[in-house]
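Coordinates in review
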Amino acid sequence: LAIAVIGFASATAPLEGLLGVGQPGCVLWITPDLLDVVVPEAGVALVQLSIPGAPALIAQSYLQQVIPMGFGAGGALVEITATDALRCTIGAFW
């Protein structure tokens, strides 16, 4: 299970110690403006974001990061990690 995070600004929130299972060195690098639960399949988590075809959005940017969670026996949460943040710029495609 993972949390897909979309943000519009940078942040620095260490996840170490979060719920007692956040891993050292893992940081939430963006503001959590939009959250979505993602269920990985075969170790891959696909994150999708629908963006309207509004010309005013062209060249606007947002940030994306994924927070994977590991579960142990009995479904207990045993690990929270974090990917690097990714800055995405909305463009036009024809």
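The structure reproduced in this document is the subject of the present report. (Residues numbered from 1 in each chain as written. Predicted model: local features only at pLDDT ≥ 70, side-chain atom pairs only at ≥ 80, totals over all residues. Heavy atoms only, no water.)

**Observations regarding the overall build of the chain**
Put simply, the rule is: Each helix corresponds to a stretch of at least 4 residues labelled H or I by DSSP, and each strand to a stretch of at least 2 residues labelled E; elements are numbered beginning at the N terminus. Contacts are assigned to residue pairs with any non-hydrogen atoms lying within 4.5 Å of each other. The method behind every accessible area is Shrake-Rupley, applied with a 1.4 Å probe, and residues are considered shielded solely by the protein chains displayed.
When you go through the chain residue by residue, the secondary structure sums to zero helices and seven strands. C-alpha atoms of the chain, sized along the principal axes, occupy 50 × 30 × 15 Å. For the chain, the share of sequence-separated contacts (at least 6 apart) that also reach a separation of at least 24 residues comes to 62%. As displayed, the chain has an accessible area near 6,200 Å², and 61% of this comes from carbon and sulfur atoms.

**Some details on the layout of surface pockets**
For the record, the criterion: For each structure, a 1 Å grid was placed over the protein atoms alone; sets of points admitting a 1.4 Å probe that cannot get out are labelled cavities, open sets with protein on both sides within 12 Å along at least five of seven lines are labelled pockets, and lining residues have an atom within 4 Å of a point. Grid points are joined across faces, edges and corners, and a volume is the space filled by probe spheres set on the points. Note on residue classes: Ala, Val, Leu, Ile, Met, Phe, Trp, Tyr, Cys and Pro are nonpolar, Asp, Glu, Lys and Arg are charged, and everything else, Gly too, is polar.
When its volume is computed, the largest pocket comes out at roughly 150 Å³. Around the largest pocket, the lining residues are Ile3, Val5, Leu15, Leu18, Leu19, Leu28, Pro32, Leu35, Ile67, Met69, Leu77 and Ile80. Elements that contribute at least two residues to the lining of the largest pocket include exactly strand S1 (2–7), strand S5 (61–71) and strand S6 (77–80). Considering only residue class, the lining of the largest pocket consists of twelve nonpolar, no polar and no charged.

**Points about the nonpolar core**
Cut-off, in case you're wondering: Nine residue types can take part in a nonpolar core, namely buried Ala, Val, Leu, Ile, Met, Phe, Trp, Tyr and Cys, and a core is a set of them joined through side-chain atoms within 4.5 Å. Relative accessibility under 20% of the residue-type maximum defines a buried residue, over 50% an exposed one, and the middle range a partly exposed one, all with a 1.4 Å probe and only protein chains included.
The biggest cluster of nonpolar side chains holds nine residues, and these are Val5, Leu15, Val21, Cys26, Leu28, Ile30, Leu63, Ile67 and Ile80. Among the elements of the structure, strand S3 (27–30) and S5 are those that each provide at least two residues to this core. Beyond its immediate sequence surroundings of up to four residues, isoleucine 67 is in contact with Leu1, Ala2, Ile3, Val5, Leu15, Leu28, Ile80, Thr81 and Ala82.

**As for a nonpolar patch on the surface**
Heads up, the rule is: Two joining distances apply to patches: 9 Å for like charges and 5 Å for nonpolar side chains (Val, Leu, Ile, Met, Phe, Trp, Tyr), and every residue must have over 30% relative accessible area and no salt bridge. In what follows, salt bridge is the name for a side-chain nitrogen of Lys or Arg lying within 4 Å of a carboxyl oxygen of Asp or Glu.
Together, Leu1, Val37, Val39 and Phe71 make up an exposed nonpolar region whose accessible area comes to about 370 Å². Here valine 37 lies in strand S4 (residues 34–38).

**Re the pairing of S5**
For the record, the criterion: Pairing between two strands is assigned when DSSP locates at least 2 bridges connecting them.
Sheet topology note: the S1/S5 ladder contains six bridges and is antiparallel. Bridging across to S5, valine 5 finds its partner in glutamine 65. Bridge count for S5 against strand S7 (residues 86–89) is four bridges, and the pairing is antiparallel. Counted as the bridge partner of leucine 63 is arginine 87 from S7. Alignment of S5 against S6, held across three bridges, turns out to be antiparallel. By the bridge assignment, phenylalanine 71 is partnered in S6 with leucine 77. Between S5 and the antiparallel strand that follows it, S6, lie five residues; glycine 74 among them carries a positive phi value of about 75 degrees.

**Points about the environment of glutamine 64**
As for its position among the elements, glutamine 64 is in strand S5. Residue classification places glutamine 64 among the buried positions, given a relative accessible area of 17%. On a C-alpha basis, the gap between glutamine 64 and tryptophan 29 in space is 9.1 Å, while along the polypeptide they are 35 residues apart. Once residues lying within four places of it in the same chain are set aside, the contact partners of glutamine 64 are Val5, Ile6, Ile30, Val47, Asp84, Ala85, Leu86 and Cys88.

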